[in-house]
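# Residue-level structural notes
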Amino acid sequence: MNSKGITQFLINHAGKDPVSFHMPGHKGDRLLRKYGYEYFLDNIVDCDITEIVGADNLFQTEGIIADTMAKYRNLYDTKASYLLINGSSAGLIASILTCVPAGGKLIMARNCHKAIFNALTLGGIKPVYAYPSMVEEYGITGPVAPEEIARLLEENPDASAVILPSPNYYGICSDIHTIAGIVHDAGKYLIVDQAHGAHLKFFENADGADGETIATGAFGVPESAETQGADFVINSTHKTLCSFTQSAVLNIPARSTFNDMYTLEDKLQQIESTSPSYLLMASLDINADILTGHATELFDEWRSNLNYFYGEAAAIDGLKFMRVTDGVRQAMDMTKINLDMSACGLNGHQLEEALLKYEIYAELVTGNILMCMTGIGNSRRDYDRLLEALRELSAGCGSANTADASDASEANTAGAALWTKHRLLHEVPIAKELLPIEQCAGRTCASSIIPYPPGIPLICPGEEIGAEEIDYVKKLRSQGDKVMGVDAAGRIAVGK
Ligand SMILES: Cc1ncc(COP(=O)(O)O)c(C=O)c1O
C-alpha cells in the first residue's frame, strides 16, 4: 500500500487512540459494536451495493428504505422524514427550492451556512437578511430576535419563507417557538437548519435516574425545532448522533401545515446523487435502531457525563465556558463545550495545540474559544481525558501568553461585527477578474468569501468589499485558517 495519501492518513490517525471532540458523533466503532453491528462493520465493503432487486430506491421508496424513513417518523414525531445522503446541505437546498419560487424572496439569517447561499444561486432567489445579535464578550454571532423576523415579514409580504440556523455552530439557539408563531401568522413556512441539533429531540425526555434533570443539572439543552413548531427541520445526524459522515435527515414535523411532498421529493432527487450510498443509508438505519432501542440509556449517560464534566471543570482555575441565556428559554445547547482559557494566557489556537499533545481533537477555534463537540459516542473516559489535560494546562499556566490571548479576542470581536454589518449591495457581477485581495477595497465581490469553519460567508456575491473585511481575511489566513474563495496566490474574484 502507498505510504502516502488518504488511506494511510486515516490508518495512522485511527492508530493514535485519539479522543474525538469533533464530528462525527459516533466517535468510532464502540457504539456500533456494543449494539451488535460487528458483522456489518467487518463486511462493510460487501455491503457497498447499488439498487439491486429488493434494495428499494431512495427516490421511489416502497421497501427497506421506506421502512427506515418510518423509523424516523416515529423518532421525531413527523408526518414525513427523508434520508439524506448529501448531508444537511442537500436537505436545506431542497427545502428552500420547494418553498421559494424561482426569483422569489427568502428571509434568512445573515449567519446561515453556505449551503443556504448556494440555494439562492440555484434558485435565483433574493435574500432578505435578518441580522443576528452578537455575543459581545466573544465576538460571535448569537440568536436571531423574533422582533427582527416580525419586522422583515411586515416589510416583505412577498417573501415566501424564513430560514435560520438553530443551534448555530457554537450551540446558540434562537427562540424557534416564538419565531414559528410569527412566521405562521404571516402565512409562511419556517425552515430551521438544525444541522447541529439532531440530538435535541432525544434530550427532551432524558431526565436522569440519578434524580438530576436537564433543568437542574450543570448543563442544559433547548427543545428541538420539531417540538417548537418549525415546518422543515434539517438534522445532520452524522454530527452528533451515530450515522456516518454525510448522512442526515430532513423532517416535516407532524404539526406543520406543509403537505406538498411531491414537490419536495422532486427537489431532493434533483439535488442529491443518483447513486445513493447504501453504506450511508445503512448507517442511518442503524442510527434509527440504536435510538429506538437505547435512547433512554444513551441520553441518560450523555447527560450524566456532561453534568460530571461541567461540575469537575468548575474547579479548574483559569477555565470558563461561554454560556448564553435569553432570560426566558434555555438558549444554549451545552453539548457543545465552549472552552475559554484566556485567563491562563491561552487563546483558542494555543489551547487547541496544547490539547493535541494529549491526542485530544477539538472542532472549532474562534478567538479565545475552543469548541469541543460532544456526541452520542463519547464515553466517560473521553471527558476524563479532557479534564485531566485541562487540569494540567491550568496548573502549568502562566501569564506569558496573555497578550496573544487578548489579541485573538479583539481580532475575533472585529470579525463578528463584520457578520452583523449591513453592506452595500450591487448586482452580482457577470464579468469577473481575479485580483490580489489588497486591491479589492470598494470593489463588488463576485464569489463567496467563506472562512471555514464555520462555513458562513463573510462576503457574498454582489456585496461591496471593505477595508475591514480585507484586514480580517488577511488576519485569518496568517493564522493558518482556511478561507474559501481566496486562491493560493491570495486573489479573489471581483466584478470587472
Ligand atoms: C450551520 C450548518 N448548517 C448546515 C451545515 C451542512 O451540513 P452537512 O455537512 O451535513 O451538509 C453545516 C456544516 O457544518 C453547518 O455548520
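Residues numbered from 1 in each chain as written. Predicted model: local features only at pLDDT ≥ 70, side-chain atom pairs only at ≥ 80, totals over all residues. Heavy atoms only, no water.

## What to know about the overall build of the chain
- Helix and strand content of the chain: 17 helices and 19 strands.
- Taking 2.2 N^0.38 as the reference for a compact globule, 496 residues should give roughly 23 Å; the C-alpha atoms of the chain span a radius of gyration of 22 Å, in line with that estimate.
- Seen along its three principal axes, the alpha-carbon backbone of the chain occupies a region of about 60 × 60 × 55 Å.
- In the chain, buried positions account for 56% of the 496 residues.
- Taking contacts inside the chain between residues at least 6 apart in sequence as the whole, the part at least 24 apart equals 74%.
- Accessible area of the chain: about 20600 Å², with a carbon and sulfur share of 52%.
- Taking the average place of the 39 positive charges on the side chains of the chain and the average place of its 63 negative ones, the gap between the two points comes to 5 Å. (Helix = DSSP H or I, 4+ residues; strand = E, 2+ residues; numbered from the N terminus. Rg over C-alpha atoms; globule rule 2.2 N^0.38 Å. Buried < 20%, exposed > 50% of the residue type's maximum accessible area, 1.4 Å probe, protein only. Contact = heavy atoms within 4.5 Å. Areas by Shrake-Rupley, 256 points an atom, 1.4 Å probe, with all protein chains shown as cover. Lys, Arg positive; Asp, Glu negative; His and termini not counted. Charge placed at Lys NZ, Arg CZ, Asp CG, Glu CD.)

## Topic: the site of the ligand
- In the region of the ligand, the neighbouring residues are Gly87, Ser88, Ser89, Leu92, His113, Tyr169, Asp193, Ala195, His196, Ser236, His238 and Lys239.
- Within the side chain of aspartate 193, a nitrogen or oxygen atom sits 2.6 Å from a nitrogen atom of the ligand.
- Within the complex, 88% of the 390 Å² of free accessible area of the ligand lies under protein.
- Mapped by element, the contributors of at least two residues to the shell around the ligand are helix H5 (87-99) and helix H11 (237-240).
- When the residues that make up the shell around the ligand are grouped by side-chain class, the tally is three nonpolar, seven polar and two charged. (Near = heavy atom within 4 Å. Polar contact = N/O pair within 3.5 Å; in protein donor to acceptor, adjacent residues only side chain to side chain. Nonpolar A, V, L, I, M, F, W, Y, C, P; charged D, E, K, R; others polar.)

## So, the sheet that holds strand E7 (residues 159-165)
- Spatial ordering of the open sheet is given by E2-E10-E9-E8-E7-E3-E4, a layout of seven strands whose pairing is mixed. Edge positions in the sheet fall to strand E2 (78-84) and strand E4 (126-130), since each of these pairs with one other strand and no more. Geometrically, the sheet is characterised by an average inter-axis angle of 20 degrees between neighbouring strands, direction not taken into account.
- By the bridge criterion, five bridges tie E7 to strand E8 (residues 189-193) in an arrangement that is parallel. Within the sheet, the bridge partner assigned to proline 165 lies in E8 and is aspartate 193.
- The sheet strands contacting helix H4 (residues 64-76) are E2, strand E9 (232-235) and strand E10 (248-253), and the helix crosses E2 at an angle near 125 degrees.
- Together, strand E3 (105-109), E4 and E7 form the strand contacts of helix H7 (residues 146-155), whose direction differs from that of E4 by roughly 145 degrees. (Pairing = 2+ DSSP bridges. Axes fitted to C-alpha atoms, helices over the stretch in contact; angles between N-to-C directions.)

## Let's talk about the packing of H7 against helix H8 (residues 176-185)
- Close contact between H7 and H8 brings their axes to 9 Å; oriented N to C, the two are set at 10 degrees. When the interaxial angle is binned, H7 and H8 end up roughly parallel. Listed contacts from H8 to Pro146, Ile149, Ala150 and Leu153 of H7 are Thr178, Ile179, Ile182 and Val183.
- Residue composition of the contact of H7 with H8, by class: seven nonpolar, one polar and no charged. (Parallel < 35°, antiparallel > 145°, perpendicular 65-115°, else oblique.)

## Let's talk about the sheet that holds strand E14 (residues 364-366)
- Reading across from one edge, E11-E12-E15-E14 is the order of the four strands in this open sheet, with antiparallel pairing throughout. Here the strands that pair on one side only, and so sit at the sheet edges, are strand E11 (320-321) and E14.
- Across three bridges, E14 lies against strand E15 (residues 369-373) in antiparallel orientation. Directly across from threonine 366, in E15, lies its bridge partner isoleucine 369.
- Where helix H13 (residues 278-313) meets the sheet, it contacts E11 and strand E12 (336-340), and its direction lies at approximately 10 degrees from that of E12.

## Digging into a nonpolar patch on the surface
- A cluster of nonpolar residues, Ile6, Phe9 and Leu10, forms a patch on the protein surface that exposes about 370 Å² of accessible area.
- Tracing the backbone through its elements, the reader meets isoleucine 6 in helix H1 (residues 6-14).
- Since its relative accessible area comes to 68%, isoleucine 6 is described here as exposed. (Patch = residues over 30% accessible without salt bridge, like charges linked within 9 Å, V, L, I, M, F, W, Y side chains within 5 Å. Salt bridge = Lys/Arg side-chain N within 4 Å of Asp/Glu carboxyl O.)

## Quick word on the nonpolar core
- Core analysis: the largest hydrophobic core is formed by 135 residues, its most contacted members being Phe309 and Leu339.
- At 17 residues, H13 tops the list of elements feeding residues into this core.
- When residues of this core are assigned to domains, at least three map to each of domain 1 (41-294) and domain 2 (295-405).
- With residues up to four places along the chain from it excluded, the contact list for leucine 339 reads Phe309, Leu319, Lys320, Phe321, Leu351, Leu355, Asn368, Ile369, Leu370, Cys372 and Leu390.
- Residues Trp419, Leu435, Val473 and Val486 belong to the second largest nonpolar core, which totals 19 residues. (Core = buried A, V, L, I, M, F, W, Y, C linked by side-chain atoms within 4.5 Å. Domains from an automatic or database assignment.)

## Focus: the packing of aromatic side chains
- Taken as a whole and assessed by the stated rule, the structure comprises 16 aromatic pairs.
- Here tyrosine 310 and phenylalanine 321 contribute two aromatic rings whose centre-to-centre distance is 5.1 Å and whose plane-to-plane angle is 75 degrees, an arrangement assigned as edge-to-face. You can see tyrosine 310 sitting in helix H13 and its partner phenylalanine 321 sitting in strand E11, a full 11 residues away along the chain. As far as burial versus exposure is concerned, tyrosine 310 and phenylalanine 321 are alike and both buried.
- One aromatic cluster is present, formed by Tyr72, Tyr76, Phe202, Phe203, Phe299 and Trp302 through successive ring pairs.
- When the ring centre of tyrosine 129 is taken as origin, the NZ or CZ atom of arginine 110, which lies over that ring, is 5.3 Å away.
- One residue, arginine 380, lies across the ring of tyrosine 308, its end atom 3.9 Å from the ring centre. (Phe/Tyr/Trp six-rings, centres within 6.5 Å; stacked < 30°, edge-to-face > 60°. Lys NZ or Arg CZ within 6 Å of the ring centre and 35° of its normal.)

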